[in-house]
2 protein chains.
Amino acid sequence: MSRLRVQNIAVSLDGFAAGPSQSLEEPLGIGGGRLHEWAFDTRFFHEMTGQPGGSEGIDNDFLDRGFEGIGAWILGRNMFGPIRGGWPDEEWRGWWGDSPPYHCPVFVLTHHARPDLVMDGGTTFHFVTEGIEVALERAKAAAGDLDVRLGGGAATVQQYLRAGLVDELQFAIVPFLLGSGERLLDGLEEVAGDFDCVEMVSSEAVTHVRLVRRGAST
Amino acid sequence: MSRLRVQNIAVSLDGFAAGPSQSLEEPLGIGGGRLHEWAFDTRFFHEMTGQPGGSEGIDNDFLDRGFEGIGAWILGRNMFGPIRGGWPDEEWRGWWGDSPPYHCPVFVLTHHARPDLVMDGGTTFHFVTEGIEVALERAKAAAGDLDVRLGGGAATVQQYLRAGLVDELQFAIVPFLLGSGERLLDGLEEVAGDFDCVEMVSSEAVTHVRLVRRGAST
């Protein structure tokens, strides 16, 4: 059974997955860049960015696990780029250069249709205008027996959580106060009780938390 | 230098220090009772409630440390009791029976004056109607060289945080989603950057986090 998994979303101690005022210059919002620093030192990140070495350990394990068994991704529009509203042209091709780190089909939620975008390394961006359920159906069809990873951002994760469609929600708590921005876990009154925390472990850098929806396969 | 310390406030993964609809029957709000279960097994809690035994370890250490060097407490009105508005009489004497666990002066923030209330075991409740600064002055005077502990609730902690008066903010993240209630860390845009996280460590049960205001003594 293919599952929908949220993995390695970084949140501040006060629960923000991005700072305020996201833009081309500050994709994670003001102050939000610090949310991802814990990953920079890992072997995972070194490999992704073509550097030698990098640390093993808990943080690296969680980053590795986040990519294991994933056959497709779903991203909110803002995860793909800073452009709001209609596409002015097809020049913007994502945050990641010619070869994005997905290496599989990626379904981008948007209100504005756009042709598929085939990138190097096996990533194809599909732009889905029919809503979150259709995106999930298409992603599951593309993933086959593998799981679908929901990459964010916070608003997109919340939509899927409220719809009861997320099977696993795993995130990293980064030890600083961001003060404002986009909360990851908000407006979840109706579904909070559906999840069990099956793992909570601190590394030197962050605390990793893994929640599983009751009844979902692990 | 006497410091103002917040210690062992329990928050859910989604940041709530109490559930909604606090009342006499549910002092921590609906679902909020689960926030404190991690403490029940400790030697600290066993001693406080007159039971033998109890577990040692990280959780017990943090609970012990929370009481070390404390000479006075400050509590928000709702931490003292469920009564809102004026005092109907002086019958309500706190949540804790005749011998509260403070054993020192406790300053209760309220808009409604009331005579000092002397309890067994060294606790005296003083009711302060002149606001948070006056309560802190009086508590520091009472504590002498010792620190003042700010016991909560969430709204009271936020008031002191926003006023730049908290030197140490230590809390425990409890691994479940509460869904709604009172957030501990909210509305802190102006002061979030003043704190450094000096400790984050997971036990089997919770993750303990300790933040220190830059420039405050540790």
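Just above sits the structure.
Attention in this report is confined to the structure presented alongside it. (Residues numbered from 1 in each chain as written. Chains lettered and ligands numbered in written order. Predicted model: local features only at pLDDT ≥ 70, side-chain atom pairs only at ≥ 80, totals over all residues. Heavy atoms only, no water.)

Residues and elements named next belong to chain A. The buried count for strand 4 (residues 105-109) comes to 4 of 5 residues, which makes it a mostly enclosed element. Where strand 3 (residues 70-75) meets strand 4, 3 bridges bridge the pair, whose relative direction is parallel. Within strand 4, the residue paired with Leu-75 across the bridge is Val-108. (Buried < 20%, exposed > 50% of the residue type's maximum accessible area, 1.4 Å probe, protein only. Helix = DSSP H or I, 4+ residues; strand = E, 2+ residues; numbered from the N terminus. Pairing = 2+ DSSP bridges.)

Okay, empty space enclosed by the protein next. By the definition in use, this model includes 1 cavity of 30 Å³ or more. Estimates place the volume of the largest cavity at around 230 Å³. Forming the boundary of the largest cavity are 20 residues, of which Leu-13 and Gly-15 of chain A together with Leu-13, Asp-14 and Gly-15 of chain B lie nearest the centre. Put simply, the parts of the chain that give the lining of the largest cavity at least two residues each are strand 1 (4-12) and strand 8 (168-174) of chain A together with strand 1 (4-12) and strand 8 (168-174) of chain B. When the residues that make up the lining of the largest cavity are grouped by side-chain class, the tally is 12 nonpolar, 4 polar and 4 charged. (1 Å grid on protein atoms, 1.4 Å probe; cavity = no way out; pocket = protein on both sides within 12 Å on 5 of 7 lines; lining within 4 Å. Points joined across faces, edges and corners; volume = space filled by probe spheres on them. Nonpolar A, V, L, I, M, F, W, Y, C, P; charged D, E, K, R; others polar.)

This part takes up the relation of the copies chain B and chain A. If you rotate chain B by 180° and push it 0.0 Å along the axis, it lands on chain A with an RMSD of 0.0 Å. Overall, the copies show the geometry of a two-fold rotation axis. Within chain B, Ser-202 of chain B has its C-alpha nearest the rotation axis, a separation of 2.7 Å. (Least-squares fit on C-alpha atoms with pLDDT ≥ 70 in both.)

Contacts between the two partners involve 25 residues from chain B and, on the opposite side, 25 residues from chain A. Between chain B and chain A, the buried area comes to about 2,000 Å², and carbon and sulfur atoms account for 68% of it. Together, Leu-13, Leu-177 and Met-200 of chain B form the three largest contributors to the area buried by chain B at its contact with chain A, with a combined 30%. Summed over the shared surface of chain B and chain A, the number is 2 salt bridges. (Contact = heavy atoms within 4.5 Å. Buried area = accessible area lost by both parts, 1.4 Å probe. Salt bridge = Lys/Arg side-chain N within 4 Å of Asp/Glu carboxyl O.)

Tallied over the full model, the rule gives 24 aromatic pairs over all chains. Taking the centre distance of 5.2 Å and the plane angle of 50° together, the rings of Phe-44 of chain A and Phe-67 of chain A count as tilted. Separated by 23 residues along the polypeptide, Phe-44 of chain A in helix 2 (residues 43-48) and Phe-67 of chain A in helix 3 (residues 58-67) bring together distant segments of the chain. Following the ring pairs from residue to residue traces out a cluster consisting of Phe-44, Phe-67, Trp-73, Phe-80, Trp-87, Trp-96, Tyr-102, Phe-125 and Phe-127 of chain A. Over the aromatic face of Phe-62 of chain B sits the side chain of Arg-65 of chain B, whose NZ or CZ is 4.5 Å from the ring centroid. The ring of Trp-87 of chain B has Arg-77 of chain B sitting right over it, with the charged end atom 3.8 Å from the ring centre. (Phe/Tyr/Trp six-rings, centres within 6.5 Å; stacked < 30°, edge-to-face > 60°. Lys NZ or Arg CZ within 6 Å of the ring centre and 35° of its normal.)

Moving on to helix 6 (residues 154-162) of chain B. Every buried residue belonging to helix 6 of chain B is among Ala-154, Thr-156, Val-157, Gln-158, Tyr-160 and Leu-161 of chain B, and all of these are buried. After helix 6 of chain B finishes, the residue Gly-164 of chain B shows a positive phi value of roughly 70°.

On to helix 3 of chain A, then. All names here are of chain A. Among the residues making up helix 3, those that are buried are Asp-59, Asn-60, Phe-62, Leu-63 and Gly-66. All buried residues of helix 3 lie within an arc of 165° about the axis, which places them on one face of the element. Just past helix 3, the residue Gly-69 takes up positive phi, approximately 70°. (Arc of directions from axis to C-beta.)

On to the sheet that holds strand 3 of chain A. All names here are of chain A. Spatially, 9 strands are ordered 5-6-4-3-7-1-8-11-10 in an open sheet, and the strand pairing comes out mixed. On the outer flanks of this sheet lie strand 5 (117-118) and strand 10 (195-202), each paired with one strand and no other. Those strands touched by helix 3 are strand 1, strand 3, strand 7 (147-150), strand 8, strand 10 and strand 11 (207-213), and its axis lies near 145° from that of strand 1. Strands strand 1, strand 3, strand 4, strand 6 (124-128) and strand 7 of the sheet are contacted by helix 5 (residues 132-143), whose axis makes an angle of about 160° with strand 3. (Axes fitted to C-alpha atoms, helices over the stretch in contact; angles between N-to-C directions.)

So, about unusual backbone geometry. Gly-153 of chain A follows Gly-152 of chain A through a cis peptide bond whose omega is -5°. Non-glycine residue His-103 of chain A carries a positive phi angle of around 55°. Mapped onto the secondary structure, His-103 of chain A falls in the loop between helix 4 (77-80) and strand 4. Residues other than glycine seldom take positive phi values, yet Asn-8 of chain B does so here, at roughly 60°. Within the secondary structure, Asn-8 of chain B sits in strand 1. Exposure remark for Asn-8 of chain B: the relative accessible area of 10% places this residue in the buried category.

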